[in-house]
Amino acid sequence: MSVQGIIGKKVGMTQVYAEDGRAIPVTVLEAGPCVVVQRKSKDKDGYVAVQLGLVDARGVRRVTKPMKGHFDKAGLPPCRVLREFKVEDSSEAKVGDKVSVDLFAAGDKVVVTGVSKGRGFQGVIRRHGFGGGKATHGSMFHRAPGSIGASAYPSRVLKGTRGAGHLGSDRVSVRNLEVVRVDASNNLLVVRGSVPGAGGSYVVIRKK
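What this report covers is the structure whose coordinates are included nearby. Fair warning: this is a prediction, and the values are worked out from it, not measured in the lab.

This brings us to the overall build of the protein. Secondary structure summary: the protein contains 3 helices and 12 strands in total. Its C-alpha radius of gyration of 23 Å places the protein more than 25% over the 17 Å reference for a compact globule of 208 residues. Across the 208 residues of the protein, 29% fall into the buried class. When contacts within the protein are restricted to residue pairs at least 6 apart in sequence, those whose partners lie at least 24 apart make up 71%. By element, 50% of the accessible surface of the protein is carried by carbon and sulfur atoms, the whole surface being about 13,100 Å². One finds the centroid of the 35 positive side-chain charges in the protein at a distance of 13 Å from the centroid of its 17 negative side-chain charges.

Structurally, the position occupied by Q51 is in strand β4 (residues 49-54). Apart from residues lying up to four places away in sequence, Q51 is in contact with V35, V36, V37, Q38, H70, L82, R83 and E84.

If you trace the backbone, T27 turns up in strand β2 (residues 23-31). By relative accessible area, which is 0% here, T27 ends up buried. In this structure the side chain of T27 is engaged in a polar contact, spanning 2.5 Å, whose partner is the backbone oxygen of G193. Beyond its immediate chain neighbours, meaning those up to four positions away, T27 contacts K10, G12, M13, L189, V190, V191, G193, S194 and V195.

Now for the sheet that holds strand β11 (residues 188-192). Backbone hydrogen bonds are what pair the strands of a sheet, in a parallel or an antiparallel way. Taking strand neighbours around the barrel as the criterion, the 6 strands line up as β1-β2-β11-β10-β7-β12 in a closed arrangement whose pairing is antiparallel. The average angle at which neighbouring strand axes cross in this sheet is 50 degrees, direction not considered.

Attention now moves to unusual backbone geometry. Trans is the common state for peptide bonds, and a negative phi is the common state for residues other than glycine. Here G32 and P33 are connected by a cis peptide whose omega angle stands at 0 degrees. Here the residue pair Y153 and P154 is connected by a cis peptide bond, since its omega of 5 degrees sits within 30 degrees of zero. Its location among the elements puts P154 in the loop between α3 (124-128) and β9 (165-167). In this model, S155 sits at a positive phi of 60 degrees, which is unusual for a non-glycine residue. The topology assignment puts S155 in the loop between α3 and β9. At N187, a position not held by glycine, the phi torsion is positive, near 55 degrees. Mapped onto the fold, N187 is located in the loop between β10 (171-183) and β11.

Analysis parameters
Residues numbered from 1 in each chain as written. Predicted model: local features only at pLDDT ≥ 70, side-chain atom pairs only at ≥ 80, totals over all residues. Heavy atoms only, no water. Helix = DSSP H or I, 4+ residues; strand = E, 2+ residues; numbered from the N terminus. Rg over C-alpha atoms; globule rule 2.2 N^0.38 Å. Buried < 20%, exposed > 50% of the residue type's maximum accessible area, 1.4 Å probe, protein only. Contact = heavy atoms within 4.5 Å. Areas by Shrake-Rupley, 256 points an atom, 1.4 Å probe, with all protein chains shown as cover. Lys, Arg positive; Asp, Glu negative; His and termini not counted. Charge placed at Lys NZ, Arg CZ, Asp CG, Glu CD. Polar contact = N/O pair within 3.5 Å; in protein donor to acceptor, adjacent residues only side chain to side chain. Pairing = 2+ DSSP bridges. Axes fitted to C-alpha atoms, helices over the stretch in contact; angles between N-to-C directions.

In short, geometric facts, not functional conclusions.
Here it is in structure tokens:
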């Protein structure tokens, strides 16, 4: 199979123990099973890729008419999550082919992409790591951003100035995560370290 990735769901974090007794922090991912829904070709679409759909045990009840036609054309039941994966040759993957967690093995390096947790409106200390002022009484400068521009010239705040604002809910990729264990019977992938997103959020796992 030419597809080098899979769609998954973050279950949560835990720890496993190495043979020498070290505790290793890991994230458990429910990866797949996925099915090839569509093939993208250079002639028709301008690029080569395959579209995977995550097979959900609960099924999908409500689906829009355009998406219903999309899945009917492939002869597959609707999927809740669709993602595209670039491949060198889409002809190797056929519509209806299944992609499972067997794609990975212990020791592989993967890239996990997800949407980070939303933190709402945050100040500069939490958002950008500003140091702030002294915590002593009378300093009058604790968590404020400080000066953000000159008054005479240019008489405006320059673009790109770091300030308070919305934090989180961004697409984040974490690279070089090591696969610790693969449980093919339960579609589980255990990777070392943390991945973006809350528990239950969808992620994309690609081989590095």
